[in-house]
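Residue-level structural notes
Listed below are the residues making up each chain.
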Amino acid sequence: ITPAVRYPEDFDAVVAGAPAVNWMHLHAGRMAANRAANATPAATIPRDKYALIHEAVLAACDAGDGVADRVLENPQACRFDAEVLQCRAGQAEDTCLTAAQVTSVKALYAPAVNQRQEPVLPGLVPGSELGWAVAAAAQPVATALDAFRYLLHQDATWDASRFEPADVDRMLQADRDDVLGSTSTELKPFFDRGGKLLIYHGWSDAQVTPLNSIAYFDKVVEHLGPAAVGRSIQLYMVPGMNHCQGGSGPDQFDKVAALEQWVATGTAPARIAASHVTAGVVDRTRPLCPYGQVAVWDGRNSTNDASSFACMAAGR
């Protein structure tokens, strides 16, 4: 599938063009991205090269947030070109990427699109590379494969090698009764009853792109107006966190306490205390900031202490 936007050079365009994604978009997008990254056997990225790509991303972007700590505080500010890893004449292939593999890397960062070049699912973001076994392997993730087998083709023998671009739209149309839909931005009845929606997503998630949550948050705000932000809905992105947990970032925090504070004060927390744990010991704390802000180091005190950071507007 040809990317509609050359990601990650234009995050805003990727998110603005993204649909309100439901499970069918997720299945279709995952399959399309996986097939684009495995266009030929030679294009498949060996698992032992995920770390090579990740280290190149860190070299390009880690220090950009003021702290070289192997965590991208703001992946939206990262501009990484996989071509820096393309093999040169005489270079050992295990230390670089072939031209076909470079193309596959770009496909994973790019949004999946349909035949009309309309975005179906945003791509993955820089910093997620260590988890690409889900998205980039020669065989697609089982949930997407089973959806194509049993929901779309109703053929248990269907194999990803039989995928064709038209299958993207067919998958989106397969849920005719909207049983799997989860795209409604009409949350006013919930908010009118005093409901609070706290959304969080790990920036390094390689199973469900974090840009998906940003797109949904933006569409709710577009529908209900900016006054809903902080009063009824708030999004917190978690730097370095994988799918729901794990990773090099601060993935441990009390969501219920944050909601209780929100209900008590009427305003979403200006920051949420989070920690990273290694072998049962907390070795780093950081604040999680409302989306649109990032944690900025004071330049003096410990970079492993959340009190050394302030939430400030993010640069792009």
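Structure first, text after, so check above.
Since this is a predicted model, take the numbers as computed values, not measurements.

If you tally the helices and strands in the protein, you get 10 helices and eight strands. A compact globule built from 316 residues should have a C-alpha radius of gyration of about 20 Å, and the protein, at 20 Å, falls within 12% of that. Here the C-alpha coordinates of the protein stretch approximately 55 × 55 × 35 Å along the principal axes. Among the 316 residues that make up the protein, the fraction classed as buried is 50%. Of the roughly 14,300 Å² that the protein leaves accessible, carbon and sulfur atoms contribute 53%. Of note, the protein has its 25 positive side-chain charges centred 1 Å away from the centre of its 35 negative side-chain charges.

Moving on, we get to the layout of surface pockets. Roughly 490 Å³ of volume is contained in the largest pocket. Ile199, His201, Val208, Asn212 and Ser213 are the residues nearest the centre of the largest pocket, which is lined by 20 residues in total. Of all the secondary structure elements, the ones that give two or more residues to the lining of the largest pocket are α2 (23-36), β3 (197-202) and α9 (210-224). By residue class, the composition of the lining of the largest pocket is 11 nonpolar, eight polar and one charged.

A word on the environment of Ala42. Tracing the backbone through its elements, the reader meets Ala42 in the loop between α2 and α3 (50-61). The class of Ala42 is exposed, set by a relative accessible area of 53%. Between the C-alpha atoms of Ala42 and Thr98, which are 56 residues apart in sequence, the distance is 8.5 Å.

Further remarks concern the pairing of strand β4 (residues 233-238). Among the six residues that make up β4, six are buried, leaving the element largely enclosed by the rest of the structure. Burial of β4 is two-sided: the residues Ile233, Leu235 and Met237 facing one way and the residues Gln234, Tyr236 and Val238 facing the other way are all buried. Regarding the hand of the β-α-β motif, the stretch spanning β3, α9 and β4 is right-handed.

Moving on, we get to empty space enclosed by the protein. To find the voids left in a structure, one rolls a probe of water-molecule size over its atoms. Enumeration according to the criterion identifies three cavities of 30 Å³ or more in this entry. Volume-wise, the largest cavity comes out at about 130 Å³. With four residues, α2 is the largest single contributor of residues to the lining of the largest cavity. Its residues assigned to classes, the lining of the largest cavity shows 10 nonpolar, five polar and one charged.

Cut-offs applied
- For every chain, the first residue of its written sequence is number 1, and the numbers climb from 1 along that sequence.
- Selection of residues for local features in this predicted model requires a pLDDT of at least 70, selection of side-chain atom pairs for listing and counting requires 80 or more, and totals for whole chains, interfaces and linings are taken over all residues.
- For side-chain calculations, the full set of non-hydrogen atoms in the structure is used, while hydrogens and water are omitted.
- Secondary structure elements follow DSSP: runs of H or I of four or more residues count as helices, runs of E of two or more count as strands, with numbering from the N terminus.
- Values of the radius of gyration come from C-alpha atoms, whereas the globule rule sets the reference at 2.2 Å times the count of residues to the power 0.38.
- Remark: exposure states derive from per-residue accessible area (1.4 Å probe, protein chains only) relative to the maximum for the residue type, with buried under 20%, exposed over 50%, and partly exposed in between.
- In this description, accessible areas are obtained by the Shrake-Rupley approach with a 1.4 Å probe, and a residue is regarded as covered only by the protein chains that are shown.
- When charges are tallied, Lys and Arg are placed among the positive residues and Asp and Glu among the negative ones, while His and the ends of the chain are skipped.
- Here the site of a charge means atom NZ of a Lys, CZ of an Arg, CG of an Asp or CD of a Glu.
- Using only the protein atoms, space was sampled on a 1 Å grid; points where a 1.4 Å probe fits but cannot get out form cavities, open sets with protein on both sides within 12 Å along at least five of seven lines form pockets, and lining residues are those with an atom within 4 Å of a point.
- Grid points are joined across faces, edges and corners, and a volume is the space filled by probe spheres set on the points.
- In this classification, the charged set is Asp, Glu, Lys and Arg, the nonpolar set is Ala, Val, Leu, Ile, Met, Phe, Trp, Tyr, Cys and Pro, and all remaining amino acids, among them Gly, are polar.
- Seen with its strands pointing away from the viewer, a crossover is right-handed when the path leading from the first strand over the helix to the second is clockwise.

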